[in-house]
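One-letter residues, chain by chain:
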Amino acid sequence: MTHSSLIRHVGAVLIAGAIPIGVHAATPADLQAAYGALSGTTTIAPDRGQQLFTIRHGREWSCASCHGAVPTQAGKHASTGKPIAALAPAFNPERFVDAAKTEKWFRRNCNDVIGRECSAAEKADVIAWLRTLK
Amino acid sequence: MNRRALLHRKSWAVVALVASHAAFAGDDQRTPGVAVLPKYKQECTACHVAFPPGMLPAESWRRLLGNLPHHYGTDASLDAATVNELATWLSANAGTYRRVREAPLEDRITRSAWFIRKHDEVSAAVWKRPAVKSATNCAACHTQADQGDFNEHTVRIPR
């Protein structure tokens, strides 16, 4: 098993185990806590999450390219133009309430934006920042 | 206009109507009408409209599903069970009629000969409008695209 697949495996098990399975089983705070625990880091930093979200990482898109720099309202898919509902959980109760869906989108979008999967610490930081948006 | 000429004209109108209908839907009634698989809607419409399965041949759908981590510049990867479910449905409902039988360039609906012909009166400037942006953005003009309805009577081109 490669390092990244190990992380993915452990992450899936930990998140699935830490959070009751169901469509709307988790809360954004649960997911942040699960990623925080998984990362082993003692500090979760919303400002690091904001930076990761807002800047470009040597590629065409940042997270903000589709979600907006402050994702409290709808964004727009950078290539198809399709509207994307607000990402900040205070503005969209469907965000970060499903562990599998959260994992799926972090996997895809970190690959698009950074060219690799995000670490558990990075995911915790991003969720922490999004939760500060009220 | 005398009665005979009127009748003649009417019958031509009927022929034209039938012919234009046949041009897309006539030999494949499933194209606009097929009920969308809930999983297809759930997964694929996160980023784009639910393209009717009849707009691409099975060969194109197969290639698309086999390469979701590299899906037109984005990672659209899905778990294997979901990919299988989508593959079964897309293959059963893929386009089989003459115009769709051949896979378009890059398996893009927008590169199909029928697509290009049907949009040949849309100028390059219209495609570039911010509200349109891309030929992939069907719903910019096809107001009922999310219902699988691409009838030209529901087209409203944004300014």
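Residues numbered from 1 in each chain as written. Chains lettered and ligands numbered in written order. Predicted model: local features only at pLDDT ≥ 70, side-chain atom pairs only at ≥ 80, totals over all residues.

Asks: How should the overall build of chain A be read in this particular structure?
Replies: Within chain A one finds six helices and two strands. Counting helices and strands in the order they occur from the N terminus, chain A gives α-α-α-α-β-β-α-α. Contacts in chain A between residues far apart in sequence, at least 24 positions, make up 58% of those at least 6 positions apart. (Helix = DSSP H or I, 4+ residues; strand = E, 2+ residues; numbered from the N terminus. Contact = placed C-beta atoms within 7 Å.)

Asks: Please explain the overall build of chain B as it appears in this structure.
Replies: Tallying secondary structure elements over chain B gives seven helices and zero strands in all. For chain B, the α and β elements follow one another from N to C terminus as α-α-α-α-α-α-α. Counting across all 159 residues of chain B, residues that qualify as buried make up 18%. Put simply, 59% of the contacts in chain B that link residues at least 6 apart link residues at least 24 apart. (Buried ≥ 20, exposed ≤ 12 C-beta atoms within 10 Å, placed from the backbone.)

Asks: Looking at this structure, how should I read the packing of helix H2 (residues 28–39) of chain A against helix H6 (residues 120–132) of chain A?
Replies: Geometry of a packed helix pair, given as the angle between the helix axes and the separation of the axes. All names here are of chain A. As a packed pair, H2 and H6 sit with axes 8 Å apart at the nearest point and diverge in direction by 150°. One way to sum up the angle between H2 and H6 is to call them roughly antiparallel. Regarding H2 and H6, the two cross each other, and that crossing is left-handed. Contact residues: Pro28, Leu31, Gln32, Tyr35, Gly36, Leu38 and Ser39 in H2; Ala120, Ala121, Lys123, Ala124, Ile127, Ala128 and Arg131 in H6. Partitioned by chemical class, the residues of the contact of H2 with H6 number nine nonpolar, three polar and two charged. (Axes fitted to C-alpha atoms, helices over the stretch in contact; angles between N-to-C directions. Parallel < 35°, antiparallel > 145°, perpendicular 65-115°, else oblique. Left-handed = near helix turned anticlockwise from the far one by under 90°. Nonpolar A, V, L, I, M, F, W, Y, C, P; charged D, E, K, R; others polar.)

Asks: Would you explain the nonpolar core in this entry?
Replies: Leu31, Tyr35, Ala124, Val126, Ile127 and Leu130 of chain A are the most contacted members of the largest nonpolar core, which totals 25 residues. Broken down by secondary-structure element, the contributors of at least two residues to this core are H2, helix H3 (46–54), helix H5 (99–113) and H6 of chain A. With seven residues, H6 of chain A is the largest single contributor of residues to this core. Once residues lying within four places of it in the same chain are set aside, the contact partners of leucine 130 of chain A are Leu87, Ala88 and Pro89 of chain A. Counting seven residues, the second-largest nonpolar core is a separate cluster that includes Met55, Leu56, Trp61 and Ala94 of chain B. (Core = buried A, V, L, I, M, F, W, Y, C linked by C-beta atoms within 7 Å.)

Asks: I tried to follow the interface of chain A and chain B on my own but got confused; where do I start?
Replies: Quoted interface sizes are often the accessible area lost when the parts come together. At the interface, nine residues of chain A touch 12 residues of chain B. By residue class, the composition of the side of chain A that touches chain B is no nonpolar, five polar and four charged.

Asks: Can you help me understand the confidence of the model for chain B in this one?
Replies: Predicted coordinates in regions of low pLDDT should not be interpreted in detail. On average, residues of chain B score 84 in pLDDT, and 79% of them reach the 70 mark or higher. Every residue in residues 9–31 of chain B is under pLDDT 50, and counting partners more than four places away or in other chains gives 16 contacts. (pLDDT = per-residue confidence, 0-100.)

Asks: Just checking my understanding: could you explain H6 of chain A for this structure?
Replies: An α-helix turns once every 3.6 residues. As a result, residues three or four positions apart point the same way. All names here are of chain A. The end-to-end C-alpha separation of H6 is 19 Å, in line with the 18 Å expected for 13 residues at 1.5 Å each. Counting buried positions over the 13 residues of H6 gives 10, a clear majority of the element. Considered for burial, the residues of H6 that qualify are Ala120, Lys123, Ala124, Asp125, Val126, Ile127, Ala128, Trp129, Leu130 and Arg131. (Expected span 1.5 Å × (residues − 1).)

Asks: Any chance you could explain the environment of aspartate 75 of chain B here in plain terms?
Replies: Considering the arrangement of structural elements, one finds aspartate 75 of chain B in the loop between helix H4 (58–65) and helix H5 (80–93). As for aspartate 75 of chain B and asparagine 151 of chain B, which are separated by 76 residues in sequence, their C-alpha atoms are 31 Å apart. In contact with aspartate 75 of chain B, not counting residues within four places along its chain, are Arg108, Asn111 and Asp112 of chain A together with Pro69 of chain B.

Asks: Would you mind showing me how to read unusual backbone geometry here?
Replies: Trans peptide bonds make up the majority, and among non-glycine residues the majority have a negative phi. All names here are of chain B. Of note, the phi angle at tyrosine 72 is positive, near 50°, even though the residue is not glycine. Here tyrosine 72 lies in the loop between H4 and H5. Note on tyrosine 72: 15 C-beta atoms within 10 Å, which makes it partly exposed. Phi at glutamate 106 is positive, roughly 55°, even though this residue is not glycine. Given 11 C-beta atoms within 10 Å, glutamate 106 falls into the exposed group.

Asks: How do you make sense of the packing of H3 of chain A against H6 of chain A when you look at a structure like this?
Replies: Residue and element names in this part refer to chain A. With their axes 7 Å apart at the nearest point, H3 and H6 run at an angle of 100° to one another. Here H6 runs roughly perpendicular to H3, going by the angle between their axes. Of the residues in H6, those touching H3 at Pro46, Arg48, Gly49, Gln50, Leu52 and Phe53 are Glu122, Asp125, Val126, Ala128, Trp129 and Thr132. Broken down by class, the residue content of the contact of H3 with H6 amounts to six nonpolar, three polar and three charged.

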